[in-house]
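Single-letter residue listing:
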Amino acid sequence: MAVGTRLSLQLADFGTRSLVTHALMALGFVGAVVSGLFVEGQLGIVSMAAFINFTAGLWICQSIHSLGNAATEDEYQGVLKELLNRV
């Protein structure tokens with residue numbers, strides 16, 4: 001019997017984790033653009049900066065995560081190839 005839920009088993013795959021991280025980065029960037037364009041005043045500036053910082057932090061995490069995965073024998077070739085394989 002497998003230990004963990006179906007979701008945790010899917011997230012064990014590096015490609016799935018990479019897709020989730022890239023989706024969160026895209027949402028963070030869209031949030032930055034929307035808050036920068038449509039939220040007025042100081043709140044809009046602060047929200048945009050927070051979303052940009054969140055996206056940048058995810059980008060750094062994904063880069064470090066990718067470097068750690070490069071030492072393994074995994075067949076990961078980037079997020080675009082991962083998307084093409086799943087579609």
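Because the structure is a prediction, the values reported are computed rather than measured. For every chain, the first residue of the written sequence is number 1, and numbering continues from 1 onward in sequence order. Only residues with pLDDT of at least 70 get local features here, since the model is predicted, and only at 80 or more are side-chain atom pairs given and counted; chain-wide, interface and lining totals rely on the full set of residues. The side-chain figures draw on all heavy atoms in the structure; neither hydrogens nor water molecules are used.

**So, the overall build of the chain**
Then, in step 1: Within the chain, the secondary structure is distributed over four helices and zero strands.
Then, in step 2: Reading the chain from its N terminus to its C terminus gives the helix and strand order α-α-α-α.
Then, in step 3: Per-residue burial for the chain yields a buried fraction of 23% across its 87 residues.
Then, in step 4: Only heavy atoms enter the contact rule, under which two residues are in contact if any of them lie within 4.5 Å. A separation threshold of at least 6 residues defines the contact pool for the chain, and within that pool the share at least 24 residues apart is 63%.
Then, in step 5: To measure how exposed things are, a 1.4 Å probe is used in the Shrake-Rupley method; for residues, cover is taken only from the protein chains shown. Looking at the chain as shown, the accessible area adds up to about 6600 Å², and 71% of this sits on carbon and sulfur atoms. Numbered from the N terminus, helices here are DSSP runs of H or I no shorter than four residues, and strands are runs of E no shorter than two. A simple rule labels every residue: compare its accessible area, found with a 1.4 Å probe on the protein chains alone, to the largest value its type can have, and call it buried under 20%, exposed over 50%, or partly exposed in between.

**Side note on helix H2 (residues 14-38)**
Then, in step 1: Along its 25 residues, H2 runs 36 Å from first to last C-alpha, staying within 8% of the 36 Å computed at 1.5 Å per residue.
Then, in step 2: Within the sequence span of H2, burial applies to Phe14, Gly15, Thr16, Ser18, Leu19, Thr21, Met25, Gly28, Gly31, Ala32 and Ser35. Here a helix's expected span is defined as the number of its residues, less one, multiplied by 1.5 Å.

**Regarding the environment of Thr21**
Then, in step 1: Mapped onto the fold, Thr21 is located in helix H2.
Then, in step 2: Note on Thr21: relative accessible area 17%, which makes it buried.
Then, in step 3: Through-space distance from the C-alpha of Thr21 to that of Cys61 is 8.8 Å; in sequence the pair is 40 residues apart.

**Digging into the environment of Ala49**
Then, in step 1: For Ala49, the position within the fold is in helix H3 (residues 41-70).
Then, in step 2: Judged by its relative accessible area of 35%, Ala49 falls in the partly exposed class.
Then, in step 3: Considered as a pair, Ala49 and Ala32 are 17 residues apart in the sequence and their alpha carbons are 7.1 Å apart.

**Thoughts on the UniProt feature "transmembrane region" (unreviewed entry) in the chain**
Then, in step 1: UniProt positions are given in the numbering used here, feature names are shortened, and annotations may be inferred rather than shown by experiment. In the numbering used here, UniProt assigns the feature "transmembrane region" (unreviewed entry) to residues 20-39.
Then, in step 2: Secondary structure content for residues 20-39 is 95% helix and 0% strand, while the C-alpha to C-alpha distance between its ends is 27 Å.

**Looking at the environment of Asn69**
Then, in step 1: Here Asn69 shows up in helix H3.
Then, in step 2: The spatial distance from the C-alpha of Asn69 to the C-alpha of Phe14 is 7.8 Å, given a sequence separation of 55 residues.

**Points about the confidence of the model for the chain**
Then, in step 1: On average, residues of the chain score 82 in pLDDT, and 79% of them reach the 70 mark or higher.
Then, in step 2: Every residue carries a pLDDT, the predictor's confidence in it, which falls somewhere between 0 and 100. The least confident element of the chain is helix H4 (residues 79-86), whose mean pLDDT is 70; the most confident is H2, at 91.

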